[in-house]
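An overview of the molecular structure
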Amino acid sequence: MQRTLILFKPDAVQRRLTGQLLSRLETKGLKIVGLKMLRVTPELSRQHYAEHVSKPFYPLLEEFITAGPVVALVAEGPKAVSVVRTMMGPTNGADAPPGTIRGDFGVSRQMNLMHGSDSPEAAAKEIAVYFKPEELLEYTSSLSAWVCASDEGK
Ligand code: UDP
Ligand code: MG
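1. Things to note about the site of ligand 1
- In the vicinity of ligand 1, the contacting residues are Lys9, Tyr49, His52, Phe57, Leu61, Arg85, Thr91, Arg102, Arg109, Gln110 and Asn112.
- Contact between ligand 1 and Thr91: an oxygen atom at 2.6 Å from a side-chain N or O atom of the residue.
- Backbone polar atom of Gln110 to an oxygen atom of ligand 1: 2.8 Å apart, as the coordinates give it.
- Contact with the protein chains removes 84% of the 510 Å² of surface that ligand 1 exposes when unbound.
- Within the shell around ligand 1, the residues separate by chemical class into three nonpolar, four polar and four charged.

2. Remarks on the nonpolar core
- Membership of the largest hydrophobic core comes to 22 residues, with the highest contact counts inside it found for Ile6, Phe8, Leu21, Leu25, Leu30, Leu73 and Met114.
- The leading source of residues in this core is helix H5 (residues 80-88), at five residues.
- With 18 residues, the next largest nonpolar core counts Tyr49, Leu61, Val70 and Ile127 among its residues.

3. Things to note about helix H7 (residues 120-130)
- Along H7, the residues classified as buried are Ala122, Ala123, Glu126, Ile127 and Tyr130. One side of H7 carries all its buried residues, which in axial view fall inside an arc of 130 degrees. For H7, exposure combined with an orientation more than 90 degrees from the buried face picks out Glu121, Ala124, Lys125 and Ala128.
- Where the residues of H7 are buried, they touch strand S1 (2-8), strand S2 (31-38), helix H3 (42-48), strand S3 (70-77), H5 and strand S4 (114-116).

Cut-offs and rules
- Residues numbered from 1 in each chain as written.
- Chains lettered and ligands numbered in written order.
- Predicted model: local features only at pLDDT ≥ 70, side-chain atom pairs only at ≥ 80, totals over all residues.
- Heavy atoms only, no water.
- Near = heavy atom within 4 Å.
- Polar contact = N/O pair within 3.5 Å; in protein donor to acceptor, adjacent residues only side chain to side chain.
- Areas by Shrake-Rupley, 256 points an atom, 1.4 Å probe, with all protein chains shown as cover.
- Nonpolar A, V, L, I, M, F, W, Y, C, P; charged D, E, K, R; others polar.
- Core = buried A, V, L, I, M, F, W, Y, C linked by side-chain atoms within 4.5 Å.
- Buried < 20%, exposed > 50% of the residue type's maximum accessible area, 1.4 Å probe, protein only.
- Helix = DSSP H or I, 4+ residues; strand = E, 2+ residues; numbered from the N terminus.
- Arc of directions from axis to C-beta.
- Contact = heavy atoms within 4.5 Å.

Dropping the structure here:
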């Protein structure tokens, strides 16, 4: 069982796509264990996108990610990290195939609606950046028995 950090970026919130994006994650069978709305500060942006801070596109990325509220989520499930990356599709919406979130909802390289951790290690770091331990909820979902077999986790 794995956890991943997801953001619905400011373009998704502004375009009122929060419900549709959340619905895709729930329908896939991922379990939401943390969920909140917040405004990313420049400091948080530099922390989150540390690997990109020195890149030419970073100033515009920071402007974008801090421009309005985001929705932050922690989703749990088998291979949650790669499942969410596959659901999002490639970075640039113009290249992302139909059926992926970035492919279905956008055409931009920057305004690509969603962030998803790219490895279990990144997920652990990013979850700790956005959520306090007590904001992540342990609960049993009665649907679990119909989402995965017992040898695949709950
Ligand atoms: N980004 C951008 N310009 C670029 C590349 C990336 O504005 O040329 C933004 C885009 O929002 C992307 C984020 O920076 O999602 C992080 O980039 P990364 O290459 O890590 O893409 P991701 O992992 O989100 O697919
Ligand atoms: Mg990335």
